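Coordinate inspection notes
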Amino acid sequence: MQHAHTGFAVRAMAAADCHTVAVLIRTAFVAQPVPTDPAPSALRETEITVAAHLAAGGGAVACAGDQIVGSVMWEPKDGGLYLERLAVDPAWRGRGIARALVAATEAAARLAGMSRVHLGTRLVLTGNRRLFAACGFVEIAQHAHPGYAAPTWVEMEKRLEPPGAID
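Residues numbered from 1 in each chain as written. Predicted model: local features only at pLDDT ≥ 70, side-chain atom pairs only at ≥ 80, totals over all residues. Heavy atoms only, no water.

Some thoughts on the layout of surface pockets
Empty space among the atoms can be located by rolling a probe the size of a water molecule over them. Roughly 900 Å³ of internal volume is contained in the largest pocket. Lining the largest pocket are 35 residues, with Phe29, Gln32, Leu86, Thr121 and Asn128 positioned closest to its centre. Where the lining of the largest pocket is concerned, the elements lending two or more residues are α1 (18–30), β5 (80–88), α3 (97–111), β6 (116–122) and α4 (126–134). Among the elements that line the lining of the largest pocket, the one with the most residues is β5, at seven residues. Considered class by class, the residues forming the lining of the largest pocket number 19 nonpolar, 10 polar and six charged. (1 Å grid on protein atoms, 1.4 Å probe; cavity = no way out; pocket = protein on both sides within 12 Å on 5 of 7 lines; lining within 4 Å. Points joined across faces, edges and corners; volume = space filled by probe spheres on them. Helix = DSSP H or I, 4+ residues; strand = E, 2+ residues; numbered from the N terminus. Nonpolar A, V, L, I, M, F, W, Y, C, P; charged D, E, K, R; others polar.)

Points about the environment of glutamate 47
Mapped onto the fold, glutamate 47 is located in helix α2 (residues 47–56). For glutamate 47 and alanine 16, which are 31 residues apart along the polypeptide, the C-alpha to C-alpha distance reads 9.5 Å. In this structure, glutamate 47 is in contact with Cys18, His19 and Ala22, ignoring residues within four places of it in sequence. (Contact = heavy atoms within 4.5 Å.)

Here's the deal with the packing of aromatic side chains
Evaluation of the coordinates by the stated rule reveals one aromatic pair. Relative to phenylalanine 137, the ring of phenylalanine 132 lies with its centre 5.8 Å away and its plane at 70°, an arrangement referred to as edge-to-face. Judged by its relative accessible area of 3%, phenylalanine 137 is buried. The aromatic ring of tyrosine 82 is capped on one face by lysine 77, whose charged end is 4.0 Å from the ring centroid. Over the aromatic face of tryptophan 92 sits the side chain of arginine 95, whose NZ or CZ is 4.2 Å from the ring centroid. (Phe/Tyr/Trp six-rings, centres within 6.5 Å; stacked < 30°, edge-to-face > 60°. Buried < 20%, exposed > 50% of the residue type's maximum accessible area, 1.4 Å probe, protein only. Lys NZ or Arg CZ within 6 Å of the ring centre and 35° of its normal.)

A word on α2
Along α2, the residues classified as buried are Val50, His53 and Leu54. All buried residues of α2 fall inside an arc of 100° around its axis, so they share one side. Set apart from the buried face of α2 by more than 90 degrees, the exposed residues are Ile48 and Ala55. Considering only its buried residues, α2 is in contact with α1, β3 (58–64), β4 (67–77) and β5. (Arc of directions from axis to C-beta.)

Some words on the environment of glycine 57
Within the secondary structure, glycine 57 is located in the loop between α2 and β3. Judged by its relative accessible area of 38%, glycine 57 falls in the partly exposed class. Linking glycine 57 and glutamine 142, residues 85 residues apart in sequence, is a C-alpha distance of 25 Å. Residues within four places of glycine 57 in sequence aside, it is in contact with Trp74, Glu75 and Pro76.

Printed below as a string of structure tokens:
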């Protein structure tokens, strides 16, 4: 799964990456452009919780040399592959890392024979919503966190063409 891009390469996440990925997730989520309410559960990620996510599904990391600059995890859920904890080092944003990690998730879904990738993102994170829309995801439902009357997050999905499908 090693894909080369300008300045970084994407590879499968390994157990040895879990500590670094947990730090990256917390760093990336703290650097969001607008505050989210409730606070993101991603801020509580640890080496142990990342290892549990990895064991439940899989993941990929983007590396610049030996430095992990992006990560994503996924797991089978609700008839598709659920993309979670997409994170890019703030100093490395805007270089296509998030798109490459989304593509790695789609490749994992296809490999597993799944026809959709889905995710949740906060309504206030309009940049995230635009990124996922640009990657082909559509908003399918809005949800509220427990204890909130108004929607706080949006569910998005991308239907994948079966292998060998004609465009």
